[in-house]
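Analysis of the macromolecular model
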Amino acid sequence: MTESLRYRRASSWEYDLILREAEKYGELKHHTFAVVEGKFRDVYAVNERVWAEIEGLKMKPYSYGTFVGTIKVDNLVEKFYPNVEFFYFVDVEKNYAVLSPKAGFLFTTGKDVPRSGVRSYNWQGTKKLVIYDENGVILGIGRINPESKRKFILNVTDVGEFLRRKR
């Protein structure tokens, strides 16, 4: 594999993509992002101290900070695809759901959630929701399906995905 990685601060255009995604859910609490360019553009949340240390390294890093998502071109349009950790940097005020303990367990095992398992939700515009348990812990990202009672929230990604992956 001869493809080299390039690391840099997120450009104003990339920051705008991140900001627009965050605004679907609330307010972005973090403002320093960096990008590792390879096959995709991976986005990391960093602070100024980490960035200063990276600048002084002789060997270029493969990753740094907290991985929060990827920027991809989809149908000739650039789009930021957040992962679960991204929402720790967003003050989520809308487009979220709170699940009961049993439904939360189902969700973290990759299952869809019935309407009866949703304690409360706030849905405004986008189909994607940030999924929480009753204690305020982020469980993942789901897609609302308001026409169905049995599969009310469809699992997009969750915190248990890492453990279920094929090795």
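The structure reproduced in this document is the subject of the present report. (Residues numbered from 1 in each chain as written. Predicted model: local features only at pLDDT ≥ 70, side-chain atom pairs only at ≥ 80, totals over all residues. Heavy atoms only, no water.)

A look at the layout of surface pockets
One number sums up the size of the largest pocket: a volume of about 300 Å³. In terms of lining residues, the largest pocket is bounded by Thr66, Phe67, Pro82, Asn83, Val84, Glu85, Thr157, Asp158, Val159, Glu161 and Phe162. At the level of secondary structure, the elements contributing two or more residues to the lining of the largest pocket comprise strand E5 (66–74), strand E12 (153–158) and helix H4 (161–164). (1 Å grid on protein atoms, 1.4 Å probe; cavity = no way out; pocket = protein on both sides within 12 Å on 5 of 7 lines; lining within 4 Å. Points joined across faces, edges and corners; volume = space filled by probe spheres on them. Helix = DSSP H or I, 4+ residues; strand = E, 2+ residues; numbered from the N terminus.)

Points about the pairing of strand E10 (residues 128–132)
Of all five residues in E10, four are buried, a share of seventy percent or more. Relative to strand E11 (residues 138–144), E10 runs antiparallel, the two sharing five bridges. Across the sheet, the residue bridging to Val130 is Ile141, located in E11. Hairpin remark: E10 followed by E11, antiparallel, with five residues in the connecting loop; positive phi at Gly136, about 85 degrees. (Buried < 20%, exposed > 50% of the residue type's maximum accessible area, 1.4 Å probe, protein only. Pairing = 2+ DSSP bridges.)

Some remarks on the sheet that holds E10
Reading across from one edge, E9-E8-E10-E11-E12 is the order of the five strands in this open sheet, with mixed pairing throughout. Every other strand in the sheet has two partners, leaving strand E9 (118–122) and E12 as the edge strands with one partner each. The sheet shows a mean angle of 30 degrees between the axes of neighbouring strands, taken without regard to direction. Pairing of strand E8 (residues 96–99) with E9, which is carried by four bridges, proceeds in the antiparallel orientation. Paired with Leu99 across the strands is Val118, a residue of E9. (Axes fitted to C-alpha atoms, helices over the stretch in contact; angles between N-to-C directions.)

Structural notes on the side chain of Thr157
The residue Thr157 is located in strand E12 in this model. For Thr157, a relative accessible area of 17% puts it in the buried group. A distance of 2.8 Å separates a polar atom in the side chain of Thr157 from a polar atom in the side chain of Glu161. Beyond its immediate sequence surroundings of up to four residues, Thr157 is in contact with Val84, Phe107, Gly140 and Ile141. (Polar contact = N/O pair within 3.5 Å; in protein donor to acceptor, adjacent residues only side chain to side chain. Contact = heavy atoms within 4.5 Å.)

Observations regarding the side chain of Asp133
With respect to the secondary-structure elements, Asp133 resides in the loop between E10 and E11. There is no salt bridge for the buried Asp133, and the closest opposite charge comes from Arg119, which lies 10 Å off by N-O distance. A polar side-chain atom of Asp133 sits 2.9 Å from the main-chain amide nitrogen of Asn135. Reaching out from Asp133, the side chain makes a polar contact with the backbone nitrogen of Gly136 at a distance of 3.1 Å. (Lys, Arg positive; Asp, Glu negative; His and termini not counted. Salt bridge = Lys/Arg side-chain N within 4 Å of Asp/Glu carboxyl O.)

Looking at the nonpolar core
Nonpolar side chains tend toward joint burial in soluble globular proteins. Membership of the largest hydrophobic core comes to 22 residues, with the highest contact counts inside it found for Val68, Phe80, Phe86 and Phe87. Only helix H1 (12–23), strand E4 (41–45), E5, strand E7 (90–92), E10 and E11 provide two or more residues apiece to this core. The element that contributes the greatest number of residues to this core is H1, accounting for three residues. Setting aside residues no more than four positions away along its own chain, Phe87 makes contact with Tyr25, Pro82, Val92, Val130, Ile138 and Ile141. (Core = buried A, V, L, I, M, F, W, Y, C linked by side-chain atoms within 4.5 Å.)

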